[in-house]
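# Overview (structure and organization)
What follows is the residue order along each chain.
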Amino acid sequence: QLQPVESGGGLVQPGGSLRLSCAASGYTLRSYAIGWFRQAPGKDREGVSYISSNGGRTIYVDSVKGRFTISRDNAKDTVYLQMDSLKPEDTAVYYCAAGSDLATPMTARFWPYWGQGTQVTVSS
């Protein structure tokens, strides 16, 4: 079974940057679309960004446009989420999800494979 694994979370000051990575063992991610979601305590899981299986389509939630960049490196079989100009409201557990290409990719219930999550905390 495909098991995505996230890494790269941590504690950063407002205005700082982090780069999250999504990878897997046993299966390649190259044929899968990848979504990044986040969930803060007491809140619903929110779609943050999406990249299609071939990298040709990317989507960002309005609150992160211009600050976050999603990309994939097929040679490393890894998907990245570069997060710049971080704000306290970005604080959450960030999850990587894998699945088929979707017409409505920011809906969590449509994704079959999920990572364990990595904590991102933005605080002074």
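A brief look at the structure comes next.

Conventions and cut-offs
Residues numbered from 1 in each chain as written. Predicted model: local features only at pLDDT ≥ 70, side-chain atom pairs only at ≥ 80, totals over all residues. Heavy atoms only, no water. Core = buried A, V, L, I, M, F, W, Y, C linked by side-chain atoms within 4.5 Å. Buried < 20%, exposed > 50% of the residue type's maximum accessible area, 1.4 Å probe, protein only. Helix = DSSP H or I, 4+ residues; strand = E, 2+ residues; numbered from the N terminus. Polar contact = N/O pair within 3.5 Å; in protein donor to acceptor, adjacent residues only side chain to side chain. Contact = heavy atoms within 4.5 Å. Phe/Tyr/Trp six-rings, centres within 6.5 Å; stacked < 30°, edge-to-face > 60°. Pairing = 2+ DSSP bridges. Axes fitted to C-alpha atoms, helices over the stretch in contact; angles between N-to-C directions.

## Observations concerning the nonpolar core
One finds Ile 34, Trp 36, Phe 68, Leu 81, Met 83 and Tyr 94 to be the most contacted residues of the largest nonpolar core, which totals 26 residues. Contributions of two or more residues to this core are made by β3 (18-24), β4 (33-39), β5 (46-51), β7 (68-73), β8 (78-83), β9 (92-99) and β11 (118-122). Listed in part, the six residues of the second largest apolar core include Phe 37, Tyr 50, Ile 59 and Ala 97.

## Side note on the side chain of Arg 38
Within the secondary structure, Arg 38 is located in strand β4. On the basis of relative accessibility, which here comes to 7%, the residue Arg 38 falls in the buried class. Here the side chain of Arg 38 touches Ser 63 through a polar contact of 3.5 Å, side chain to side chain. For Arg 38, the contacting residues outside a window of four places in its chain are Asp 44, Arg 45, Glu 46, Val 48, Ser 63, Val 64, Phe 68, Glu 89, Asp 90, Ala 92, Val 93 and Tyr 94.

## Quick notes on unusual backbone geometry
Even without glycine at this site, Asp 77 takes up a positive phi of about 55°. Position of Asp 77 relative to the elements: it lies in the loop between β7 and β8. Even without being glycine, Ser 85 reaches a positive phi, approximately 50°. Relative to the helices and strands, Ser 85 is located in the loop between β8 and β9.

## Observations concerning the packing of aromatic side chains
Taken as a whole and judged by the stated rule, the model has five aromatic pairs. Seen in terms of ring centroids, Phe 37 and Trp 111 are 6.0 Å apart; in terms of plane orientation they differ by 75°. Their pairing is edge-to-face. In this pair, Phe 37 sits in strand β4 while Trp 111 sits in the loop between β9 and β10 (113-114), placing the two residues 74 residues apart along the sequence. Residue classification places Phe 37 among the buried positions, given a relative accessible area of 1%. Residue class for Trp 111 comes out buried when judged on its relative accessible area of 4%. Relative to Trp 114, the ring of Phe 37 has its centre 5.0 Å away and its plane inclined at 55°; by these criteria the two rings are tilted. Residue Phe 37 is found in strand β4, and its partner Trp 114 is found in strand β10; the two are separated by 77 residues along the sequence.

## A short note on the sheet that holds β3
Within the open sheet, the four strands sit side by side as β1-β3-β8-β7. Their pairing is antiparallel. Strands at the two margins of the open sheet, each flanked by one partner only, are β1 (4-7) and β7. Each neighbouring strand pair of the sheet contributes to a mean axis angle of 20°, computed without reference to strand direction.

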